[in-house]
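One letter stands for each residue in the lines below.
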Amino acid sequence: MALNNAYDMRPLRHETAVGAGAQLALLALLGTVIGLGPAGWLTGLAFGVATWAALTRALRRSWLESFGPANRVTLARATLVGGVTALVADSFESPPPVTVLVALTTVALILDAVDGKVARHTGTSSPLGARFDMEVDAFLILVLSIYVAMSLGPWVLLIGTMRYAFVAAARVLPWLNGALPPSTARKTVAALQGIVLLVVGAGILPVLPAFAAVLVALTLLVWSFGRDIRWLWRVRDGEAATDVCRSPDLSPASNRPQALQTPANSMNATHAA
């Protein structure tokens, strides 16, 4: 699409407005059904406003002709993550309705596998869609790690904050923003984080097995980041030019294939391995 003054943002603004309305409706439903407290309301509304503002700004800069079905799925997932965020914020004041929390999180994780397939099948993959998908994934993991940390300890927060710490480090060390080869291991470790935090957060495991499961997930995440950082360092020094061809676990690393794979954004199901 030609970049000119005729670019019409109105259809895209309508999509983001619908998303904001859906977020408000979900919060109202939670408030009616379970009695969402002030902390939950304020946090959920803050999430909704931040999502609407960030997405609107990104769309304005992307010059997309249409929002696309894959982004609608991701927006629906973001709405569910907003609900999870509200419930976790409310849990600091009163015990959360675990069934509702688990249900919203489960659907959000399932939809994570849907938006990429929709993007590929409809030919609507885009860098914006990939980034949107990644940010929703990363924030959900952060919120779940906060929830689980309340029962297992603050060390669990390392799972949710590792990606954001890496982004901060990449501002100082630009070579960390380099592209990575696709990796099945990366995808597996990424997906495992959400599943483990969901199962532990559901309270179906005794304390020791829950502790062990989260510790294993964190260990794999550290290994995954470490492997990618080592690879990026070697590429920076010109020592890994042919490693992509020799990598034993190459496969499509992202459901939104136009996204650049780096340790910061390949935590697309939440991380990078």
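These numbers come from a predicted model, not from an experiment.

1. Description of the confidence of the model for the protein chain
Then, number 1: On average, residues of the protein chain carry a pLDDT of 84, and 84% of them reach 70 or more.
Then, number 2: Note on residues 239-260: pLDDT is under 50 here. Beyond four places in sequence and across chains, it has 53 contacts.
Then, number 3: Counting contacts from residues 266-273, a segment whose pLDDT is below 50, to residues more than four positions away or on other chains yields 51 contacts.

2. Concerning the packing of helix α3 (residues 69-90) against helix α5 (residues 127-152)
Then, number 1: Contact geometry of α3 with α5 gives a least axis separation of 10 Å together with a crossing angle of 20°. What the angle tells us is that α3 and α5 run roughly parallel. Seen from above, α3 lies across α5 with left-handed handedness.
Then, number 2: Per-class residue counts for the contact of α3 with α5 are 15 nonpolar, four polar and three charged.

3. A word on a nonpolar patch on the surface
Then, number 1: Taken together, the side chains of Val216, Leu220 and Trp223 define a hydrophobic patch exposed on the protein surface, amounting to about 260 Å² of accessible area.
Then, number 2: Tracing the backbone through its elements, the reader meets Val216 in helix α8 (residues 207-236).
Then, number 3: On the basis of relative accessibility, which here comes to 47%, the residue Val216 falls in the partly exposed class.

4. Some words on α5
Then, number 1: For α5, with 26 residues, the first-to-last C-alpha span of 37 Å sits near the 38 Å given by 1.5 Å per residue.
Then, number 2: With 19 of 26 residues buried, α5 is to be regarded as a mostly interior element.
Then, number 3: In the segment just after α5, Gly153 is the residue with positive phi, at about 120°.

5. A few points about the environment of Gly68
Then, number 1: For Gly68, the location among the structural elements is in the loop between α2 (38-62) and α3.
Then, number 2: C-alpha of Gly68 to C-alpha of Gly129: the two residues are 61 residues apart in sequence and 9.0 Å apart in space.

6. Some remarks on the pattern of salt bridges
Then, number 1: Scanning the entire structure with this criterion turns up eight salt bridges.
Then, number 2: Here Glu135 makes a salt bridge to Arg131, at a shortest N to O gap of 2.7 Å. One end of the pair, Glu135, and the other, Arg131, are both in helix α5, four residues apart, so they sit about a helical turn from each other.
Then, number 3: Looking at Glu135, the relative accessible area reads 25%, which means it is partly exposed.
Then, number 4: One salt bridge connects Arg163 with Glu135, and the closest N-O pair in it is separated by 3.0 Å. Of this pair, Arg163 sits in helix α6 (residues 157-172) while Glu135 sits in helix α5, and the two are 28 residues apart along the sequence.
Then, number 5: Through salt bridges with shared partners, a single network forms among Arg77, Asp112, Asp115, Asp133 and Asp137.

7. What about the nonpolar core?
Then, number 1: The biggest cluster of nonpolar side chains holds 52 residues, and the ones touching the most others in it are Leu59, Val84, Ile159 and Val214.
Then, number 2: Secondary structure elements with two or more residues in this core: α1 (10-34), α2, α3, α4 (98-122), α5, α6, α7 (184-201) and α8.
Then, number 3: Ranked by residues supplied to this core, first place goes to α5 with eleven residues.
Then, number 4: Residues in contact with Val214, not counting those within four places in the same chain, are Val148, Leu152, Trp155, Val156, Ile159, Val196 and Val200.

8. A look at empty space enclosed by the protein
Then, number 1: Tallied over the entire structure, the rule returns three cavities of 30 Å³ or more.
Then, number 2: By volume, the largest cavity amounts to about 90 Å³.
Then, number 3: If you go around the largest cavity, the residues you meet are Thr16, Gly19, Ala20, Gln23, Phe47, Gly48, Thr51, Trp52, Leu55, Leu75, Ala78 and Thr79.
Then, number 4: Counting residues per element, the lining of the largest cavity draws most heavily on α2, which supplies five residues.
Then, number 5: In terms of residue class, the lining of the largest cavity is made up of six nonpolar, six polar and no charged.
Then, number 6: Here the second largest cavity is characterised by a volume of approximately 60 Å³.
Then, number 7: Lining the second largest cavity are Val98, Leu101, Val102, Thr105, Leu144, Tyr147, Leu197, Leu198, Gly201 and Ala202.
Then, number 8: With four residues, α4 is the largest single contributor of residues to the lining of the second largest cavity.
Then, number 9: Broken down by class, the residue content of the lining of the second largest cavity amounts to eight nonpolar, two polar and no charged.

What counts as what
Residues numbered from 1 in each chain as written. Predicted model: local features only at pLDDT ≥ 70, side-chain atom pairs only at ≥ 80, totals over all residues. Heavy atoms only, no water. pLDDT = per-residue confidence, 0-100. Contact = heavy atoms within 4.5 Å. Axes fitted to C-alpha atoms, helices over the stretch in contact; angles between N-to-C directions. Helix = DSSP H or I, 4+ residues; strand = E, 2+ residues; numbered from the N terminus. Parallel < 35°, antiparallel > 145°, perpendicular 65-115°, else oblique. Left-handed = near helix turned anticlockwise from the far one by under 90°. Nonpolar A, V, L, I, M, F, W, Y, C, P; charged D, E, K, R; others polar. Patch = residues over 30% accessible without salt bridge, like charges linked within 9 Å, V, L, I, M, F, W, Y side chains within 5 Å. Areas by Shrake-Rupley, 256 points an atom, 1.4 Å probe, with all protein chains shown as cover. Salt bridge = Lys/Arg side-chain N within 4 Å of Asp/Glu carboxyl O. Buried < 20%, exposed > 50% of the residue type's maximum accessible area, 1.4 Å probe, protein only. Expected span 1.5 Å × (residues − 1). Core = buried A, V, L, I, M, F, W, Y, C linked by side-chain atoms within 4.5 Å. 1 Å grid on protein atoms, 1.4 Å probe; cavity = no way out; pocket = protein on both sides within 12 Å on 5 of 7 lines; lining within 4 Å. Points joined across faces, edges and corners; volume = space filled by probe spheres on them.

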